[in-house]
Amino acid sequence: MMQVDFRRRKGRGVFEVGIEENILAILDDAQEAQYSHDNSLAFLEAVRATSVAADDGIPPTIKLVVAVFRIFRTGKSLELIITSSQLLNELEQKFPRVFVDKGASESSSGSQPRLIVDEQAWSPFALNLDSDRVTSNEGPACPIDTLGFYLLIQELAGAVNDSNIQLQDIRYLRSMLLFQYLVNVIEVEFLARNRIYEETMQWTLLRESTLNILLNSRRVNYKSLVKDCLSIICGLHKIHASSNDFLEDSAAKSSKDSQISLAFASLEVEVEACVAVQKLMITITKLDELKKQADLKGFTTRADGVRTPLVEIVVNELTYDNEILSPVLQVLDHPRWKLELVLQYFAKYTTRPAVRTRRGTEPEEDATFYGTLRSLTNISSAKSVIKKIGSEALQLLLAHGFLAQISLPRKCSKSEALLYSILEVSLLEICREMISAFNNLRKAYSHLEILPIAKEALFVASTILSTKS
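Residues numbered from 1 in each chain as written. Predicted model: local features only at pLDDT ≥ 70, side-chain atom pairs only at ≥ 80, totals over all residues. Heavy atoms only, no water.

*Asks:* Please clarify how the overall build of the protein should be interpreted in this entry.
*Replies:* What the protein contains, in helices and strands, is 21 helices and 3 strands. Taken over 469 residues, the protein has a buried fraction of 49%. Taking the intrachain contacts of the protein between residues at least 6 apart in sequence as the baseline, contacts between residues at least 24 apart amount to 75%. Carbon and sulfur atoms make up 49% of the accessible area of the protein, which totals about 23,800 Å². (Helix = DSSP H or I, 4+ residues; strand = E, 2+ residues; numbered from the N terminus. Buried < 20%, exposed > 50% of the residue type's maximum accessible area, 1.4 Å probe, protein only. Contact = heavy atoms within 4.5 Å. Areas by Shrake-Rupley, 256 points an atom, 1.4 Å probe, with all protein chains shown as cover.)

Here it is as structure tokens:
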């Protein structure tokens, strides 16, 4: 049986109503649509004090959260935007709309944890399971629908790659913070649903997740969304490559502390936005993996549709445009996902592509990074791979793949070994094959110029061999 509790809040007590009225009274002196700066800060601090800061804090009412969200969407000062954004994320962490009730399992050894869905709690998303019609009205305090989320990612992709747009503009700073908040909400809910799914294997839990609804919406071009995520990563990477010069110029040209503060805050927000994009893509990848497993077990139906796995879309983009290969691999800090990208990239060009059967219990050697290195053990195969992929791309893939491989835990379950293509191969063997592969590349291509990242990987491999052999 599926352990889900759709909880509806009971009538509010006098104490809760009184707190709401007192806090909202702080904003009474200002217009509802655009509160004054001082009143807004006092209001945000009051909400934090009663809900987040206190050990026995109470969940804020819908009116209070909506007011916080409106301040975030309409505030014109950096302080208001940052403060309201932090509060929204803190409220999501402490009072999520969807969470796992651990009390049941702790009170009784035989009971299972339940998924709690608070149907009356406020959500920044306005989604409809049965229709793709517009579910939210335009306005600063209105939730974001599927199209709004898609357009937000499009806006960020365009902004970070447009040299004529100043990302230090508060408008784009707010958009990046909004994106981070929405991804945080998506992740918190998905992790809760996935935990119960792993115990119950009820696919409906993940089918009804916010992430799955967003991706399956007919108003969202899924492949374009993934490409926009890649575009954001590459655009932000390019910006940060010259971030030191930017800060020095900003400090030299600006005599206003507010402008300098905005410049520094923007860079920090951009870094967090890049992290949020990775978080979204990794969560989508996890959903893809779970959906594939559910398909094999017959849990899905035609209503779930067919969606190209995110990793496959990313690999196609990387092979189509080699210029984004380096920034994408540099930015990604999730070793398992990075290794999967490297393996699938190689699989598109190797003569014997990696094949895993549905009933296979062990990964094929060709489907592992160790197998990829072994395929470069002779000069003729090395020449063939260089001709197909290119010497620079090949070095990037080998270096990042090696660093990702040695970052993985050496002990894992059989399912993880199959999923992430891990064989029972010692670390020393991988290091030897890494060095051997580059030696063959030098022989196959006499003009090969070793890239810095490849030198780093070879140094690591040599160090491991010298210390453990």
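*Asks:* Even after reading the chapter, I still don't get the layout of surface pockets, so can you show me in this structure?
*Replies:* Where empty space is left can be seen by rolling a probe of water-molecule size over the atoms. Here the second largest pocket defines a volume of roughly 700 Å³. Along the walls of the second largest pocket sit 33 residues, with Arg-97, Ala-121, Trp-122, Ser-123 and Phe-125 positioned nearest its centre. Counting only elements with at least two residues in the lining of the second largest pocket, the list comes to helix 3 (62–74), helix 4 (78–94), helix 7 (170–200) and helix 9 (210–216). The dominant element in the lining of the second largest pocket, judged by the number of residues it contributes, is helix 7, at 5 residues. Of the residues that constitute the lining of the second largest pocket, the class distribution is 23 nonpolar, 3 polar and 7 charged. (1 Å grid on protein atoms, 1.4 Å probe; cavity = no way out; pocket = protein on both sides within 12 Å on 5 of 7 lines; lining within 4 Å. Points joined across faces, edges and corners; volume = space filled by probe spheres on them. Nonpolar A, V, L, I, M, F, W, Y, C, P; charged D, E, K, R; others polar.)

*Asks:* Could you clarify how one ought to interpret the packing of helix 2 (residues 37–53) against helix 4 in this entry?
*Replies:* At a closest axis distance of 11 Å, the pairing of helix 2 and helix 4 adopts a crossing angle of 20 degrees. Compared by their axis directions, helix 2 and helix 4 come out roughly parallel. Crossing angle aside, the handedness with which helix 2 passes helix 4 is left-handed. Counted together, His-37, Ser-40, Leu-41, Leu-44, Val-47, Arg-48, Ser-51 and Val-52 of helix 2 and Glu-79, Leu-80, Thr-83, Ser-84, Gln-86, Leu-87, Glu-90, Leu-91 and Lys-94 of helix 4 form the full contact between these two elements. (Axes fitted to C-alpha atoms, helices over the stretch in contact; angles between N-to-C directions. Parallel < 35°, antiparallel > 145°, perpendicular 65-115°, else oblique. Left-handed = near helix turned anticlockwise from the far one by under 90°.)

*Asks:* Help me out: how do you make sense of the packing of aromatic side chains in this one?
*Replies:* Any aromatic ring pair is given by two values, namely how distant the centres are and how the planes are angled relative to each other. According to the stated counting rule, one finds 6 aromatic pairs in the structure shown. Measuring from ring centre to ring centre gives 6.4 Å for Phe-69 and Phe-72, while their planes differ by 40 degrees; the resulting arrangement is tilted. Taken as a pair, Phe-69 and Phe-72 lie in helix 3 at a separation of 3 residues, close to a single helical turn. Per residue, the accessibility class of Phe-69 equals that of Phe-72, and both read buried. Arranged with centres 5.7 Å apart and planes meeting at 35 degrees, the rings of Tyr-345 and Tyr-349 form a pair that is tilted. Through a chain of ring-to-ring contacts, three or more aromatic side chains come together here, namely Phe-69, Phe-72 and Trp-122. Over the aromatic face of Tyr-222 sits the side chain of Arg-307, whose NZ or CZ is 5.5 Å from the ring centroid. (Phe/Tyr/Trp six-rings, centres within 6.5 Å; stacked < 30°, edge-to-face > 60°. Lys NZ or Arg CZ within 6 Å of the ring centre and 35° of its normal.)

*Asks:* Is there a simple way to think about the side chain of Arg-174 in this case?
*Replies:* Of note, Arg-174 is situated in helix 7. The buried charged residue Arg-174 lacks any salt bridge, with Asp-169 as its nearest oppositely charged partner at 7.3 Å. Separated by 3.4 Å, the side chain of Arg-174 and the backbone oxygen of Arg-73 make a polar contact. One polar contact links the side chain of Arg-174 to the main-chain carbonyl oxygen of Gly-75, over a distance of 2.9 Å. Contact partners of Arg-174, with chain neighbours within four places excluded, come to Phe-72, Arg-73, Thr-74, Gly-75 and Ile-81. (Lys, Arg positive; Asp, Glu negative; His and termini not counted. Salt bridge = Lys/Arg side-chain N within 4 Å of Asp/Glu carboxyl O. Polar contact = N/O pair within 3.5 Å; in protein donor to acceptor, adjacent residues only side chain to side chain.)

*Asks:* Sorry, what's going on with the environment of Glu-312 here?
*Replies:* For Glu-312, the location among the structural elements is in helix 13 (residues 310–320). Sequence separation between Glu-312 and Leu-341 is 29 residues, and the spatial gap between their C-alpha atoms is 8.2 Å.

*Asks:* Can you help me understand the environment of Glu-449 in this one?
*Replies:* Following the sequence through the fold, Glu-449 ends up in the loop between helix 20 (427–444) and helix 21 (452–468). Under the relative-accessibility criterion, Glu-449 is labelled exposed at 65%. Separated by 54 residues in the primary sequence, Glu-449 and Gln-395 have C-alpha atoms spaced 9.6 Å apart.

*Asks:* Could you clarify how one ought to interpret the environment of Pro-452 in this entry?
*Replies:* Following the sequence through the fold, Pro-452 ends up in helix 21. It is 9.7 Å that separates the C-alpha atoms of Pro-452 and Gln-395, two residues lying 57 residues apart in sequence.

*Asks:* Can you help me understand helix 3 in this one?
*Replies:* Residues spaced three or four apart along an α-helix face the same direction, because each turn holds 3.6 residues. For helix 3, built from 13 residues, the straight-helix expectation of 18 Å at 1.5 Å per residue is met to within 8% by its first-to-last C-alpha distance of 18 Å. Among all positions of helix 3, only Leu-64, Val-65, Val-66, Ala-67, Val-68, Phe-69, Arg-70, Ile-71 and Phe-72 are buried. (Expected span 1.5 Å × (residues − 1).)

*Asks:* It is not clear to me how the pairing of strand 3 (residues 114–118) should be interpreted in this structure. Could you clarify?
*Replies:* Both faces of the sheet carry side chains from a regular strand, because those side chains alternate between them. Here strand 3 lies mainly inside the structure; 4 of its 5 residues are buried. Here strand 2 (residues 98–101) pairs with strand 3 via 4 bridges, running antiparallel. Residue Asp-101 lies in a different strand from strand 3, and its bridge partner there is Arg-114. (Pairing = 2+ DSSP bridges.)

*Asks:* Please clarify how the state of the cysteines should be interpreted in this entry.
*Replies:* Here, disulfide denotes a covalent bond that connects the sulfur atoms of two cysteines. Here the structure, examined in full by the defined rule, presents 0 disulfides. Cys-234 supplies the cysteine sulfur nearest to Cys-274, a cysteine that is in no disulfide, at a spacing of 9.1 Å. (Disulfide = S-S within 2.5 Å.)

*Asks:* What should I look at first to understand helix 7 in this one?
*Replies:* For helix 7, which comprises 31 residues, the first-to-last C-alpha distance of 45 Å matches the rise-based estimate of 45 Å (1.5 Å per residue) to within 8%. Taken across its 31 residues, helix 7 has 25 buried, putting it largely inside the fold. Here helix 7 starts with a cap whose side-chain oxygen sits 2.8 Å from the backbone nitrogen of Arg-171, and that cap is Asp-169. Directly after helix 7, the chain includes Met-201, whose backbone phi takes a positive value near 55 degrees.

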